[in-house]
Structure formats: C-alpha cells, structure tokens
Amino acid sequence: MSAAPLPAASPAEDAPLLRQDADGVAVLTLNRPAARNALSLALMLALETELQAIRQDGSVKVVVLAASGPAFCAGHDLKELRADSSREHYERIFAQCSALMLAVTRLPKPVIAQVQGMATAAGCQLVATCDLAVAAAEARFATPGVNIGLFCSTPMVALSRAVGRKPAMEMLLTGDAVTADRARELGLVNRVVPAGRLAEETMALARQIAAKSPLTLAIGKEAFYEQAEMGLQGAYEYASEVMVRNMLARDAEEGIDAFIAKRPPVWQGR
C-alpha cells in the first residue's frame with residue numbers, strides 16, 4: 001500500500017511559497033494559484049532561498065515541489081516582465097531563473113516535481129530540471145513562447161537535456177502542449193497517476209528514496225549530472241573515481257555488510 005500524502009499545509013495567502021516537512025521529505029508548494037503559480041521574482045527568490053536552507057538541513061532527505069490550485073506553473077510572470085522594459089530588469093529576471101534552476105540541480109538531495117494541470121514555459125523548465133517528476137493524468141506540458149514572439153530559450157536548456165532533440169525542437173517550434181502520457185514517453189516525467197492519487201503516489205516515491213543513505217544520494221546525484229556533460233572515456237574515468245570514493249564511505253561499508261548479513265542497514269550519512 002502506498003504511503004499517505006502529507007496533510008495540507010496551513011494557508012498563508014501572502015506567502016508565494018509554502019513548506020511542510022515530514023518523514024525526511026520537505027514539500028515546497030508554489031502558492032500563487034490566482035496567477036497560475038507564475039514564477040515572479042519573489043517566488044523564484046523564495047524557492048532558491050528555501051533550497052539553500054534545505055541544503056544545510058540534515059533532517060531533509062528529499063524535496064517535493066508541488067503547487068496550489070489547478071495549474072502547476074504558467075512560467076514567468078508576463079505582467080512583471082512587461083512592467084519594466086529595461087535591459088537591467090530582463091537580465092535580473094532571467095538571471096534569477098537560471099540561479100533557481102541551478103540550485104535545484106546542485107542541491108545534494110533529490111527533487112521530485114508533483115505536477116497537476118499545466119506546466120508551461122519556465123514551468124515546464126522547472127519540471128525538466130527536477131530529478132524526477134510525477135504527473136497527474138490530466139497534466140499538460142508546453143513551451144509556447146514562440147506563440148507570443150518570445151522563444152523559450154532558457155526552458156530549452158533543461159528540456160533538451162531531459163528529452164531527445166527532435167521532440168524538444170517540436171515542442172519549442174510549435175508551442176503545442178503534450179499530454180502527461182506523451183511526456184512520460186519522451187522522458188520528461190517518470191510516472192503518470194490519477195489526479196486523486198497524485199500527492200499520495202509522489203509522497204510514496206519520496207519516502208522510498210528518503211530511506212536510502214543521504215550520502216549515497218548526494219554522491220550519486222552530483223555524479224549523474226557531472227558525467228552527463230563529459231565524453232565517454234572521461235565519464236568512465238570520473239565515475240570510477242566516484243565509485244572508489246563511495247566505497248570508502250562508512251555507509252557503503254554498512255550497506256554491503258547489511259546485505260551480506262541479511263539485515264536492514266543503519267545509515268550514518270558518512
């Protein structure tokens with residue numbers, strides 16, 4: 001039986017981001033439902049700040065990124081973008097978005113997107129950036145910037161690393177939305193579940209991962225993204241060194257000894 005989801009977080013209407021922790025899992029909830037959780041500067045900064053705090057929080061093993069309301073994330077806040085037409089304003093917004101995406105990737109803890117409704121433009125980018133994604137069957141994904149004269153260039157970075165080149169280019173050039181099932185076929189999401197079970201299924205996955213050695217998760221996540229940008233020989237050389245470093249860790253000794261002795265491991269995170 002799947003683990004139950006966390007109870008709903010207490011409302012905080014003025015807070016663009018909510019956080020709730022339980023069982024080693026921190027749930028961060030985008031909380032701008034009236035704006036379809038568009039990534040305003042305030043929301044992006046709040047999310048990056050919370051991820052930096054979680055980096056130092058030993059009680060958190062896994063992060064779930066969820067959203068309030070019917071949509072996951074509509075991308076950048078277009079009203080905020082158009083409020084100031086200066087280069088400096090645009091540079092600040094896109095630099096903050098890039099910093100947020102890098103914070104997700106560089107966090108030494110897995111991040112799982114829990115997606116309901118639409119995830120468009122930078123919202124689709126956020127899903128593609130997360131390590132894993134669970135989507136409701138009704139979820140849709142799109143990079144529709146081309147339809148309003150603004151090519152989804154920064155979403156393209158994450159999208160093209162999550163799916164193949166041809167599917168990524170089709171999404172970017174047409175702006176068409178893809179279904180949750182198609183997103184799973186492309187590798188943009190891992191699992192598609194009924195909407196009524198989205199939180200439950202996501203939390204079950206998060207708790208399963210949170211039961212692993214936190215040190216091993218951190219080593220593995222960092223190595224995954226590092227080797228992905230290397231040539232084949234360099235990737236093997238790097239991965240071999242990571243394996244050696246991992247083998248020298250106390251948790252690897254404990255895990256192997258526990259497996260041989262047929263007992264549950266006791267992780268120490270070192």
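Calculation rules
Residues numbered from 1 in each chain as written. Predicted model: local features only at pLDDT ≥ 70, side-chain atom pairs only at ≥ 80, totals over all residues. Heavy atoms only, no water. Helix = DSSP H or I, 4+ residues; strand = E, 2+ residues; numbered from the N terminus. Buried < 20%, exposed > 50% of the residue type's maximum accessible area, 1.4 Å probe, protein only. Contact = heavy atoms within 4.5 Å. Lys, Arg positive; Asp, Glu negative; His and termini not counted. Charge placed at Lys NZ, Arg CZ, Asp CG, Glu CD. Pairing = 2+ DSSP bridges. Axes fitted to C-alpha atoms, helices over the stretch in contact; angles between N-to-C directions. Parallel < 35°, antiparallel > 145°, perpendicular 65-115°, else oblique. Left-handed = near helix turned anticlockwise from the far one by under 90°. Polar contact = N/O pair within 3.5 Å; in protein donor to acceptor, adjacent residues only side chain to side chain. Expected span 1.5 Å × (residues − 1).

### Overview of the overall build of the protein
- Counting its secondary structure elements, the protein contains 11 helices and nine strands.
- A principal-axis box enclosing the C-alpha atoms of the protein has dimensions of 60 × 45 × 35 Å.
- Split into buried and exposed, the 270 residues of the protein put 44% on the buried side.
- Pairs at least 24 apart in sequence give 67% of the contacts found in the protein among residues at least 6 apart.
- The protein carries 27 positive and 29 negative side-chain charges, and their two centres are separated by 2 Å.

### Here we look at the sheet that holds strand 2 (residues 25-30)
- Spatially, six strands are ordered 1-2-3-4-6-9 in an open sheet, and the strand pairing comes out mixed. Either end of the sheet is taken by a strand with one partner, and the two such strands are strand 1 (17-22) and strand 9 (191-193). Adjacent strand axes in the sheet meet at a mean angle of 20° when their direction is disregarded.

### Brief notes about the packing of helix 3 (residues 87-106) against helix 4 (residues 122-129)
- Contact pair helix 3 / helix 4: the axes reach a minimum separation of 9 Å and the direction vectors enclose 20°. It follows that helix 3 is roughly parallel to helix 4 by the angle criterion. The element helix 3 and its partner helix 4 pack so that their crossing is right-handed. For the pair helix 3 and helix 4, contact is made by C97, M101, V104 and T105 and by A122, Q125, L126 and T129, respectively.

### Points about the sheet that holds strand 5 (residues 118-120)
- Overall, mixed pairing links the three strands, which are arranged 5-7-8 in an open sheet. Sheet topology places strand 5 and strand 8 (178-179) at the edges, where each strand pairs with a single neighbour.
- As defined by bridge partners, strand 5 adjoins strand 7 (residues 140-142) across three bridges and the pair is classed as parallel. By the bridge assignment, M118 is partnered in strand 7 with R140.
- Docked against the sheet, helix 4 engages strand 5 and strand 7, running at close to 95° with respect to strand 5.

### Section: the side chain of T143
- Tracing the sequence through the fold places T143 in the loop between strand 7 and helix 5 (153-162).
- In terms of polar contacts, T143 uses its side chain to reach the backbone amide nitrogen of L172, at 3.5 Å.
- Other than its neighbours up to four places away in sequence, T143 contacts A121, C124, C152, P155, L159, M171, L172 and G175.

### Some points on helix 1 (residues 41-55)
- The terminal C-alpha atoms of helix 1, which comprises 15 residues, lie 21 Å apart, in line with the 21 Å expected from a rise of 1.5 Å per residue.
- All of the buried residues along helix 1 are L41, L43, M44, L47, E48, L51 and I54.
- Residues of helix 1 that are buried in the fold lie against strand 1, strand 2, strand 3 (62-67), helix 2 (78-82) and helix 3.

### Let's talk about the side chain of S68
- The topology assignment puts S68 in the loop between strand 3 and helix 2.
- Overall, the relative accessible area of 16% leaves S68 in the buried class.
- Within polar-contact distance, the side chain of S68 engages the side chain of N31 at 3.1 Å.
- The contact partners of S68, leaving out residues within four places of it in the chain, are T29, L30, N31, P33, N37 and Q116.

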